[in-house]
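# Coordinate inspection notes
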Amino acid sequence: MASLTDLTDRVERLLVRHDEILRTNLLLQVQLTAITQERDSLRSRLSAARARVDALLERLPAEAPKEEQP
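Computed from a predicted model, the values in this text were never measured in an experiment.

Conventions adopted
Residues take numbers from 1 onward in each chain, read along the sequence in its written order. Where totals are concerned, whole chains, interfaces and linings use all residues; where local detail is concerned, this predicted model gives features only for residues with pLDDT of at least 70, and gives and counts side-chain atom pairs only at 80 or more. In computing side-chain values, all of the structure's heavy atoms are included and hydrogens and water are not. Working definition: helices are DSSP H or I runs of at least four residues, strands are E runs of at least two. Numbering for both runs from the N terminus. The quantity called the radius of gyration is restricted to C-alpha atoms. Its globule counterpart is 2.2 Å times the number of residues to the power 0.38. For the accessible areas, the method is Shrake-Rupley and the probe is 1.4 Å, while residue cover comes only from the protein chains on display. We score Asp and Glu as negative and Lys and Arg as positive, and we do not count His or the chain ends. Charge placement uses NZ in Lys and CZ in Arg. For Asp and Glu, CG and CD serve respectively. UniProt positions are given in the numbering used here, feature names are shortened, and annotations may be inferred rather than shown by experiment. Counted as salt bridges are all cases of a side-chain nitrogen of Lys or Arg within 4 Å of a carboxyl oxygen of Asp or Glu. Between buried and exposed lies partly exposed: a residue is buried under 20% and exposed over 50% of the maximum accessible area for its type, with that area taken using a 1.4 Å probe on protein chains only.

A count of helical and extended segments in the protein chain gives one helix and zero strands. Expected size for 70 residues packed as a compact globule is a radius of gyration near 11 Å; at 31 Å, the protein chain overshoots this value by more than 25%. Projected onto its principal axes, the C-alpha positions of the protein chain cover 100 × 25 × 15 Å. Just so you have it, the protein chain exposes about 7,200 Å², and 59% of that area is on carbon and sulfur atoms. Across the protein chain, the centroid of the 11 positively charged side chains sits 2 Å from that of the 12 negatively charged ones.

The following block contains the structure:
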């Protein structure tokens, strides 16, 4: 049977590990928020770029006339 000292040590190690996991979780949440914001920004930039490309394509003539080679 485990002694009281052994149980106390195990509980203390568990508490330390729990605190480490909480800190890690917080850091991961911060990273996830930053990455999500970056993703949203990139999606917005991509959408704007697509709109600009579509507008440029609309300005191009439908088909250029083919020139005859002599």
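Time to look at the UniProt feature "coiled-coil region" (unreviewed entry) in the protein chain. In the numbering used here, UniProt assigns the "coiled-coil region" (unreviewed entry) feature to residues 32–59. From the first C-alpha to the last, residues 32–59 spans 41 Å; its make-up is 100% helix and 0% strand.

A few words on the pattern of salt bridges. Counted by the stated rule, this structure contains two salt bridges. With a shortest N-O distance of 3.3 Å, R17 and E20 are connected by a salt bridge. Of this pair, R17 and E20 are both found in helix 1 (residues 4–59), three residues apart, which corresponds to roughly one turn of the helix. Under the relative-accessibility criterion, E20 is labelled partly exposed at 31%.

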